[in-house]
2 protein chains.
Amino acid sequence: MNRQHVVISLLAVLFLGACSNKEDHPSDKTTVVTKEASSSLADLTSYVNPHIGTKNMGHTYPGATVPFGMVQATPLTNYEALFEDGQYNPDTYRYCSGYQYEDSLIYGFCHTSFSGTGHSDLGDIVLMPTTGPQNLNPKTNGQETGFASSFKHENELASPGYYAVSLDDYNVDVQITTTERTAYHLYDFHSADTAHVLLDLVSNIYDYDEKNVWTFLRVENDTLVTGYRQTKGWARTRFVYFALSFSEPISSYGHEKYDKPNYNGFYRRFDENSNFPEMAGEDIRAWFDFDLNDKQLGVKVALSSVSTAGALLNLQTELPHWNFEETKAHAAELWNRELNKIQVEMVDEADLTTFYTALYHTMLSPIIYEDVDGKYRGLDQNIHESDGFTNYTIFSLWDTYRALHPLNNLIQPDRNNHMIHSMLAHYDQSAHDMLPIWSHYANENWCMIGYHATSVIADAMVKNVGDFDRQHALEACLNTSTTKYFDGIGEYMELGYVPEDVSGSSVSKTLEFAYNDWCIAQIAHALGDTHTETDYLRRAQSYVNCYDPKVGFMRPKLADGSWKTPFDPMDTHGQGFIEGNAWNYGLYVPHDIDNMIQMMGGKEQFASHLDSLFTMEIADEYIAQNEDITRDGIIGNYVHGNEPGHHIPYLYNWTGHPEKTQERVRMIMDSMYGPYEDGLCGNDDAGQMSAWYVLSALGFYDVAPGSPYYAVGSPLVKSARIQMSNGKYLNIKVINQAPDNVCIKALFWNDELITNWSLDHRELAQGGELSFEMSGKYSSQ
Amino acid sequence: MNRQHVVISLLAVLFLGACSNKEDHPSDKTTVVTKEASSSLADLTSYVNPHIGTKNMGHTYPGATVPFGMVQATPLTNYEALFEDGQYNPDTYRYCSGYQYEDSLIYGFCHTSFSGTGHSDLGDIVLMPTTGPQNLNPKTNGQETGFASSFKHENELASPGYYAVSLDDYNVDVQITTTERTAYHLYDFHSADTAHVLLDLVSNIYDYDEKNVWTFLRVENDTLVTGYRQTKGWARTRFVYFALSFSEPISSYGHEKYDKPNYNGFYRRFDENSNFPEMAGEDIRAWFDFDLNDKQLGVKVALSSVSTAGALLNLQTELPHWNFEETKAHAAELWNRELNKIQVEMVDEADLTTFYTALYHTMLSPIIYEDVDGKYRGLDQNIHESDGFTNYTIFSLWDTYRALHPLNNLIQPDRNNHMIHSMLAHYDQSAHDMLPIWSHYANENWCMIGYHATSVIADAMVKNVGDFDRQHALEACLNTSTTKYFDGIGEYMELGYVPEDVSGSSVSKTLEFAYNDWCIAQIAHALGDTHTETDYLRRAQSYVNCYDPKVGFMRPKLADGSWKTPFDPMDTHGQGFIEGNAWNYGLYVPHDIDNMIQMMGGKEQFASHLDSLFTMEIADEYIAQNEDITRDGIIGNYVHGNEPGHHIPYLYNWTGHPEKTQERVRMIMDSMYGPYEDGLCGNDDAGQMSAWYVLSALGFYDVAPGSPYYAVGSPLVKSARIQMSNGKYLNIKVINQAPDNVCIKALFWNDELITNWSLDHRELAQGGELSFEMSGKYSSQ
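Just so we're clear, the structure is a prediction, and the values are computed from it rather than from any experiment.

### A closer look at the relation of the copies chain A and chain B
Take chain A, turn it by 180°, move it 0.0 Å along the axis, and it overlays chain B with an RMSD of 0.1 Å. One copy is carried onto the other by what is essentially a two-fold rotation axis. Taking C-alpha positions as the reference, the residue of chain A nearest the rotation axis is A:Val213, at 3.2 Å. The fraction of interface residues of chain A whose copies in chain B are also interface residues reaches 100%, indicating that both copies meet through the same surface.

### Examining the interface of chain A and chain B
Contact with chain A, which involves 53 residues of that partner, is made by 53 residues of chain B. When chain A packs against chain B, close to 4,700 Å² is buried across both sides, 52% of that on carbon and sulfur atoms. For the pair chain A and chain B, the interface holds four salt bridges. Its salt-bridge partner being B:Lys232, residue A:Glu282 comes within 3.9 Å of it at the nearest N-O pair. Listed by contribution, the elements that provide at least two residues to the side of chain A that touches chain B are strand E11 (212–221), strand E12 (224–231), strand E15 (278–281) and helix H1 (308–318) of chain A. Among the elements that make up the side of chain A that touches chain B, the one with the highest residue count is E11(A) (five residues). Taken together, the residues of the side of chain A that touches chain B break down into 26 nonpolar, 14 polar and 13 charged.

### As for the environment of A:Ala192
All names here are of chain A. When you line up the elements, Ala192 lands in the loop between strand E9 (182–188) and strand E10 (196–200). You can call Ala192 partly exposed: its relative accessible area is 32%. Separated by 550 residues in sequence, Ala192 and Val742 place their C-alpha atoms 58 Å apart.

### Concerning the side chain of B:Thr354
All names here are of chain B. Mapped onto the elements of the fold, Thr354 is located in helix H3 (residues 349–361). Since its relative accessible area comes to 6%, Thr354 is described here as buried. If sequence neighbours within four positions are ignored, Thr354 has contacts with Tyr673, Gly674, Pro675 and Tyr693.

### Points about the packing of helix H6 (residues 413–429) of chain B against helix H7 (residues 453–462) of chain B
When two helices pack together, their arrangement is given by the angle between their axes and by how far apart the axes lie. Residue and element names in this part refer to chain B. At a minimum axis separation of 11 Å, H6 and H7 run at an interaxial angle of 140°. In terms of axis orientation, H6 runs oblique to H7. Of the two elements, H6 crosses H7, and the hand of that crossing is left-handed. Here Asn416, Ile420, Met423 and Leu424 of H6 lie close against H7, whose contacting residues are Ala453, Val456, Ile457 and Ala460. Per-class residue counts for the contact of H6 with H7 are seven nonpolar, one polar and no charged.

### Concerning the packing of helix H5 (residues 404–411) of chain B against helix H16 (residues 688–698) of chain B
Residues and elements named next belong to chain B. Between H5 and H16, the least distance of the axes is 8 Å, while the angle of their chain directions is 55°. With respect to each other, H5 and H16 are oriented oblique. Between H5 and H16 lies a crossing whose hand is left-handed. On the side of H5, the interface is formed by Leu404, Leu407 and Leu410, while H16 contributes Gln688, Ala691, Val694, Leu695 and Leu698. For the contact of H5 with H16, the residue count by class is seven nonpolar, one polar and no charged.

### Observations regarding the sheet that holds strand E36 (residues 768–775) of chain A
Residue and element names in this part refer to chain A. The six strands lie next to each other as E18-E31-E32-E36-E33-E34, forming an open sheet whose pairing is mixed. Of all the strands in the sheet, just strand E18 (342–346) and strand E34 (752–753) have a single pairing partner and so form its edges. The pairing of strand E33 (residues 743–749) with E34 spans two bridges and is antiparallel. Looking at E34, one finds that Trp749 is bridged to Glu752.

### Details of the sheet that holds strand E34 (residues 752–753) of chain B
All names here are of chain B. Taken together, six strands build an open sheet; the order of strands is E18-E31-E32-E36-E33-E34 and the sheet is mixed. The open sheet has two free edges, formed respectively by strand E18 (342–346) and E34, since each of these has just one partner strand. Here strand E31 (residues 717–723) pairs with strand E32 (residues 729–735) via five bridges, running antiparallel. Within E32, the residue paired with Gln723 across the bridge is Tyr729.

### Description of the packing of aromatic side chains
Residue and element names in this part refer to chain B. Here the structure, examined in full by the defined rule, presents 85 aromatic pairs over all chains. With a centroid separation of 5.2 Å and 85° between ring planes, the pair formed by Phe355 and Tyr356 is classed as edge-to-face. Consider the rings of Tyr492 and Phe513, whose centres lie 5.1 Å apart with planes at 70°: the pair is edge-to-face. Taken together, the positions of Tyr492 in helix H9 (residues 489–495) and Phe513 in helix H10 (residues 506–526) put the pair 21 residues apart, joining distant regions of the chain. A residue is classified by how much of its surface remains accessible, and Tyr492, at 2% relative accessible area, is buried.

### Looking at a negative patch on the surface
Residues A:Asp428, A:Asp433, A:Asp469 and A:Glu475 make up a contiguous surface patch of negative charge. Inspection of the secondary structure puts A:Asp469 in the loop between helix H7 (453–462) and helix H8 (470–480).

### So, helix H6 (residues 413–429) of chain A
The first and last C-alpha atoms of H6(A) sit 24 Å apart over 17 residues, in line with the 24 Å expected at 1.5 Å per residue. Most of H6(A) is tucked away, with 14 of its 17 residues classed as buried.

### Some details on the pattern of salt bridges
Opposite charge on two side chains permits them to pair, given that their charged atoms come into close proximity. In this structure the tally under the stated criterion is 55 salt bridges over all chains. A salt bridge links B:Arg218 to B:Glu220; its shortest N-O distance comes to 2.8 Å. When its relative accessible area of 3% is taken as the criterion, B:Arg218 is described as buried. Notably, a salt bridge pairs B:Lys509 with B:Asp487, separated by 3.4 Å at the nearest N-O pair. With B:Lys509 in helix H10 and B:Asp487 in the loop between helix H8 (470–481) and H9, this pair connects stretches of sequence that are 22 residues apart. Given a relative accessible area of 5%, B:Lys509 falls into the buried group. Here the salt bridges share partners, and the residues they tie into one network are A:Asp121, A:Asp124, A:Lys211, A:Arg229 and A:Arg238.

### Digging into helix H15 (residues 658–672) of chain B
Spanning 15 residues, H15(B) covers 21 Å between terminal C-alpha atoms, matching the ideal 21 Å at 1.5 Å per step. Among the residues of H15(B), B:Pro658, B:Glu659, B:Thr661, B:Gln662, B:Arg664, B:Val665, B:Arg666, B:Ile668, B:Met669 and B:Met672 are the ones counted as buried.

### A word on the side chain of B:Asp685
Residues and elements named next belong to chain B. Note on placement: Asp685 falls in the loop between H15 and H16. This buried residue, Asp685, is left without a salt bridge; Arg402 holds the nearest opposite charge, at 8.0 Å. Residue contacts for Asp685: discarding those within four places in its chain leaves Ser115, Gly116, Thr117, Gly118, Asp399, Thr400, Gly641 and Glu643.

### Quick notes on the pairing of strand E30 (residues 709–712) of chain A
Bridging between strand E29 (residues 700–701) of chain A and E30(A) involves two bridges; their strand directions are antiparallel. Bridge assignment links A:Tyr701 to a residue of E30(A), and that residue is A:Ala711.

### Some words on unusual backbone geometry
Looking along the chain, the bond that leaves A:Ser365 and enters A:Pro366 is cis, with omega of -10°. Its place among the elements puts A:Pro366 in the loop between helix H3 (350–361) and strand E19 (367–368). Positive phi values are uncommon outside glycine, yet B:His190 reaches one of about 50°. Locating B:His190 in the fold gives a position in the loop between strand E9 (182–188) and strand E10 (196–200). With a phi angle near 70°, B:Gln381 is a residue other than glycine that sits in the positive phi range. Note on placement: B:Gln381 falls in the loop between strand E20 (375–377) and strand E21 (383–385). Take B:Gln381: its relative accessible area is 4%, and that puts it in the buried class.

Reading the values: the criteria
All residue numbers refer to positions counted from 1 along the written sequence of the respective chain. Lettering of chains starts at A and numbering of ligands starts at 1, both following the order in which they are written. Per-residue local features are limited, in this predicted model, to residues with pLDDT of at least 70; the limit for side-chain atom pairs, both in listing and counting, is 80 or more; totals at the level of whole chains, interfaces and linings are taken over all residues. The side-chain values count all of the structure's non-hydrogen atoms but skip hydrogen atoms and water molecules. Here the copies are matched by least squares. The fit uses the C-alpha atoms of residues with pLDDT of at least 70 in both. What makes two residues a contact is simply this: any of their non-hydrogen atoms within 4.5 Å. Each of two parts loses accessible area, computed with a 1.4 Å probe, when they are put together; buried area is these two losses added. By definition, a salt bridge exists where a carboxyl oxygen of Asp or Glu is found within 4 Å of a side-chain nitrogen of Lys or Arg. Strands are runs of DSSP state E lasting at least two residues, helices are runs of H or I lasting at least four, and both sets are numbered from the N terminus onward. In this classification, the charged set is Asp, Glu, Lys and Arg, the nonpolar set is Ala, Val, Leu, Ile, Met, Phe, Trp, Tyr, Cys and Pro, and all remaining amino acids, among them Gly, are polar. Throughout this description, buried means an accessible area under 20% of the type-specific maximum (1.4 Å probe, protein chains only), exposed means over 50%, and partly exposed covers the range between. A fitted line through C-alpha atoms serves as each axis, taken over the contacting stretch for helices, and the angle formed by two N-to-C directions is quoted from 0 to 180°. Oblique is the label for every angle not falling under 35 degrees (roughly parallel), over 145 degrees (roughly antiparallel), or within 65 to 115 degrees (roughly perpendicular). Should the near helix be turned counterclockwise from the far one by less than a right angle, the crossing is left-handed, whereas a clockwise turn marks it as right-handed. Here, strands pair whenever DSSP counts at least two bridges between them. Between rings of Phe, Tyr and Trp, where Trp is taken as its six-membered ring, a pair exists when centres lie within 6.5 Å; planes separated by under 30 degrees are stacked, by over 60 edge-to-face, and by other angles tilted. Every patch collects residues that have over 30% relative accessible area and no salt bridge, joining them within 9 Å if they carry like charges and within 5 Å if they are nonpolar side chains (Val, Leu, Ile, Met, Phe, Trp, Tyr). The Shrake-Rupley method, run with a 1.4 Å probe sphere, supplies the accessible areas, and residue values consider only the shown protein chains as cover. Note on charges: Lys and Arg go in the positive column, Asp and Glu in the negative column, and His and the chain ends are not counted at all. Charge coordinates come from a single atom per side chain, which is NZ of Lys, CZ of Arg, CG of Asp or CD of Glu. Multiplying one less than the number of residues by 1.5 Å gives the expected span of a helix.

Okay, structure coming up:
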């Protein structure tokens with residue numbers, strides 16, 4: 001990648017809103033280049049490299065999207081892994097976003113993609129421009145012909161809201177930009193004799209069990225096509241409606257069916273395959289031919305969860321013109337508006353790319369999930385209209401409650417409020433009367449554990465974020481946390497723990513239920529409901545039931561009260577945990593750390609456990625158990641590529657060894673993240689990995705969301721200026737910042753010395769200055 | 001059936017609105033029983049036997065529905081024929097409505113059914129109450145156990161809006177009544193220990209090619225279930241949403257999946273099969289158990305094409321209570337309101353049953369197809385809202401344009417207006433810019449030929465019916481009739497005929513296109529568009545291109561202008577016709593009869609052709625070609641069981657032999673219809689067969705809809721009083737009516753002698769008296 005890593009003096013450019021700058025520490029080792037912003041916003045998109053995470057298991061995509069946009073227009077580089085005819089393809093997992101950097105073929109451009117998730121779906125409405133003989137079959141392994149084109153990274157450009165690539169086999173240049181609900185493709189066929197656009201409705205990400213349920217297509221006129229696809233993938237019942245507008249008239253079109261059995265529902269009185277304006281079936285691919293006479297072809301694609309009429313409304317509202325450059329510039333401006341919410345200086349210019357790409361990744365989900373008129377498909381599959389909020393979807397809550405939503409409370413409180421409104425709408429529409437667990441596209445996929453929507457709600461409440469109905473939110477939390485058939489909650493309520501013989505991963509579940517119950521207690525506390533608070537504080541102590549003092553670990557217990565044997569605290573399988581083991585996941589009591597430490601032998605013993613965790617040698621067999629984590633994502637037995645340990649480096653603060661927290665978080669930022677295609681050590685997990693980095697780089701982290709207190713780590717930034725939604729700024733200054741100066745010598749909040757390694761969000765949110773004085777050595781204050 | 005056939009003196013009961021009665025002819029052979037109506041309406045429902053047509057090929061259903069109601073709640077008596085796993089089952093055709101009178105098992109009660117159609121679909125949302133061990137598999141051939149119950153006709157009662165049956169195997173008494181959009185079931189389990197209700201979403205009528213696309217079910221609370229089923233049957237993309245409300249709480253519930261492949265889209269973290277409130281898959285059957293404590297169980301089922309929210313709205317609006325008797329009485333009243341629009345006296349009391357059942361059958365389709373708030377699913381699969389009309393569906397237009405829609409113009413002009421609005425909405429939503437051909441449930445199934453929506457529009461226009469936009473209607477007709485890829489229209493426009501080598505059934509198509517074009521010319525004429533009128537009158541002459549004077553028959557021509565050889569005018573297959581042959585279908589020029597007769601050799605030769613048609617002996621091989629017509633449905637070579645000949649008996653009027661028309665129509669009424677289960681000689685075809693009977697029994701028939709003139713036949717009624725929507729009455733008196741007195745001695749319209757065997761609808765619609773004087777012998781006036 002020939003990317004310019006230019007460190008700009010952010011404080012020299014004009015920002016939205018004037019304010020005083022008390023910048024009194026001159027830059028030291030920083031390379032300063034003053035760059036005039038083209039608008040009142042600094043152009044921070046140049047520091048974002050969407051390819052970060054596209055190699056190995058980051059599961060990010062390089063395509064075009066706008067912040068929290070409903071449309072993700074991104075290339076697909078593997079067909080077999082995406083479509084495999086009922087057979088589980090182990091390669092499928094690598095293609096959660098449809099793209100791997102090392103691939104050399106592109107099969108088309110889809111319009112929906114998860115960012116960094118640990119499970120796959122989507123990949124809808126694939127467009128592929130081709131030339132030469134029409135071929136509706138993909139060029140998959142074992143086939144000599146078929147659609148697909150080789151491409152080179154040198155001819156590929158990915159930046160926020162814009163993606164471009166040259167398709168070498170067809171000599172077609174592709175550019176794509178987006179608005180919130182539409183994608184705008186611009187194809188240059190270089191005066192080819194033939195110009196086809198293939199609309200592949202067969203292609204799917206995670207095509208397990210013949211994922212397509214139905215596809216439907218109408219040629220409304222010679223430039224407009226509408227339709228929908230319905231799938232039974234990870235989302236059980238998912239509809240994606242679309243409207244597709246061409247800048248030039250279609251000269252001829254048609255489709256082929258790939259159904260099993262082939263569906264022909266009506267009399268064969270037409271040549272259905274050619275120029276017949278209605279097409280439907282389980283699996284169809286359509287083609288559209290154009291006589292371009294050297295012109296470029298624009299293709300606008302709008303999505304909707306409601307109907308093709310909704311998609312058309314989105315198209316007409318968001319993209320009423322054919323000005324690609326204007327659309328591209330608008331997408332960049334949307335990104336700059338968001339990225340400028342945190343303006344940083346870095347010592348190492350490369351860290352700007354890591355930081356702003358991480359910040360970019362935190363704004364790719366949840367996504368807006370409603371049409372421009374506020375209508376959206378709800379969990380009950382009915383069409384609802386958002387009232388007083390914008391509806392969002394893609395809630396990977398087991399991941400994102402940790403750092404993504406707390407980060408949102410800092411820089412996106414309005415959106416976080418809307419996300420909570422959306423979760424409450426989900427609850428209102430739920431046949432289970434439950435808040436979302438892992439929800440996307442009007443479906444609950446039940447992935448992972450706990451009921452962490454409670455954490456997101458509690459964190460917003462203690463941080464005074466949002467206008468959602470607090471009492472209704474408490475009701476939702478209470479109903480969710482008493483759904484007895486969900487993951488052993490009934491037994492948990494009765495016995496104080498989830499028995500392993502009733503529900504697997506029982507320790508993880510018990511620990512997370514306990515934390516979630518503490519969150520509910522915070523909500524009840526805020527509402528003055530002391531009865532509920534007491535009840536849930538009691539439930540929040542359930543973690544103690546999983547601790548076996550004889551072995552010194554959390555471990556799984558059976559329904560009869562006995563410990564499950566044999567027990568291996570290194571093993572991540574069958575030992576009561578999921579995506580972790582007793583060594584790391586067993587430290588998951590974020591809401592009651594002091595007591596946990598006490599229970600586990602006191603501060604020194606606990607610090608020693610942490611030291612061991614970060615330094616121990618572990619056998620290959622245990623490494624292999626983490627399906628998407630390599631040794632690169634592990635420090636000792638600490639696994640940063642999965643989430644259960646994300647709070648662990650900060651636990652040293654509770655042991656009297658904050659310097660060890662400071663060392664570890666800087667080490668993790670340095671070794672687990674980087675401005676490279678493989679710069680993520682595991683799935684980005686819908687922004688959680690990136691949010692950890694953003695917060696940690698600023699110098700603090702929310703160990704227990706639902707508490708207003710951040711644990712202090714060690715900032716990576718040289719300075720930062722965080723724009724709050726109330727118009728105020730949180731300025732962060734880091735004195736003596738340097739790669740080796742990871743220890744904090746002194747920390748001031750508005751000139752007040754902070755000694756307890758804790759910061760109160762409610763104070764930070766008022767604006768002010770946080771000043772770190774760094775040192776190469778730790779000295780207790 | 002122990003049905004009371006009581007001839008009532010209709011003129012003695014109180015009717016809606018007082019009016020003068022000039023009844024001056026005393027009853028002669030009629031058995032007169034005066035019966036007080038329970039309301040201001042005569043109870044004519046007692047003359048309706050919904051079992052008529054349920055034996056052999058009538059394809060009617062005995063279940064409960066209200067006039068033009070969206071819900072048809074009716075028993076299913078065969079499972080294999082309905083569900084056959086991708087294999088075509090020749091028995092399927094017999095079960096277009098799901099019921100055959102000779103069967104002895106009931107598999108459940110569905111909520112949608114065609115009435116009398118010649119193709120099948122629907123059969124949705126099947127409920128079956130059972131007792132004893134739960135069994136979710138149907139007791140089909142070769143299986144000893146399974147759900148199903150024997151029943152006896154003596155324990156079965158079918159009347160308009162009400163159906164009751166005893167399920168002997170379960171000792172459960174079932175009663176069902178309906179409103180427009182809901183069914184109300186009442187089950188008496190007779191204190192059985194167990195009470196199950198099975199919801200079978202697998203069962204389908206016409207389950208060709210694994211018809212189910214998706215099913216979705218939610219238990220909203222302990223008395224409410226919602227869901228939908230999506231099929232790819234005859235309708236390519238059809239959604240039926242429902243809401244199901246129980247009068248008693250569900251004690252336990254569950255489902256099983258019968259998918260291939262079985263779909264499990266999410267982690268198996270629950271026992272999905274039992275008490276899990278969300279169920280989905282391609283094929284599922286659910287069960288609901290009840291602790292009834294001797295109580296009866298009420299089940300209300302509402303449908304919607306829009307959403308489960310729409311179904312729930314329909315339920316709450318139309319059936320907010322649990323009063324079964326009130327609902328049943330209301331259904332009967334709705335029927336009486338409609339049936340009373342034609343009050344007749346008959347000589348033979350049995351004819352009252354035939355007549356009123358026929359009248360009943362004319363009000364079973366088209367059906368209302370919108371929710372109570374006016375929302376409905378359109379042809380484009382978007383949700384529309386009817387504006388200024390009520391949306392209808394099920395347009396079997398090749399059948400129903402002939403007599404059903406003309407009858408509607410007489411007694412249901414408002415509904416016919418709404419049906420035309422609905423057809424124009426279909427046009428507006430059509431990707432083909434075409435009016436419906438054979439349309440149902442937001443789909444075009446393209447069945448049969450012609451573009452007869454034009455006839456329905458023209459007939460309404462010349463009869464001054466409706467407030468639809470005439471100019472828009474003309475535009476719709478013009479676009480439809482110039483859709484070159486439809487059924488050879490392109491060649492028809494170019495050559496003046498449909499070439500048989502381009503599109504089969506080419507003579508039928510040419511003749512019907514020509515008639516339809518004449519209809520369009522009438523529309524253009526009414527709008528003063530002489531250019532279009534002239535153009536379409538020219539097109540309307542195209543029928544001459546199919547006549548071969550050398551053989552004296554219409555016959556198929558090839559694209560090169562030569563006749564297709566060999567030619568057999570008796571053969572219904574491959575000879576240019578469909579559901580007919582050259583002998584009968586070749587007389588299809590309803591709009592230009594005089595010229596046709598001249599072309600075919602003049603009046604006497606044509607009358608002789610008609611004589612031969614009605615008297616000729618035909619070989620078994622030709623009988624066998626009519627798949628649903630037996631010798632019972634044929635007179636000579638005249639096939640009343642199919643539609644192309646329905647106008648033929650009236651053609652004698654144009655040959656100077658009206659007495660032969662009079663004899664034939666009375667003969668057909670007598671021999672092709674009767675008050676028995678097999679009282680229909682062929683498919684009722686969405687009411688066309690019955691509408692032919694109703695009009696003919698009144699003494700006239702619309703040979704060429706699009707003209708305001710009726711051809712006079714021979715009335716069967718002794719008297720009739722037809723209530724027009726303008727508040728006026730058309731009174732029909734028949735003097736000397738008797739079975740043998742089929743000839744008309746004299747005919748008066750308001751004392752004016754009619755001699756041309758023609759009546760003008762526009763005059764009849766003003767109200768007045770039509771007086772027939774009958775005789776056993778014909779004497780020219």
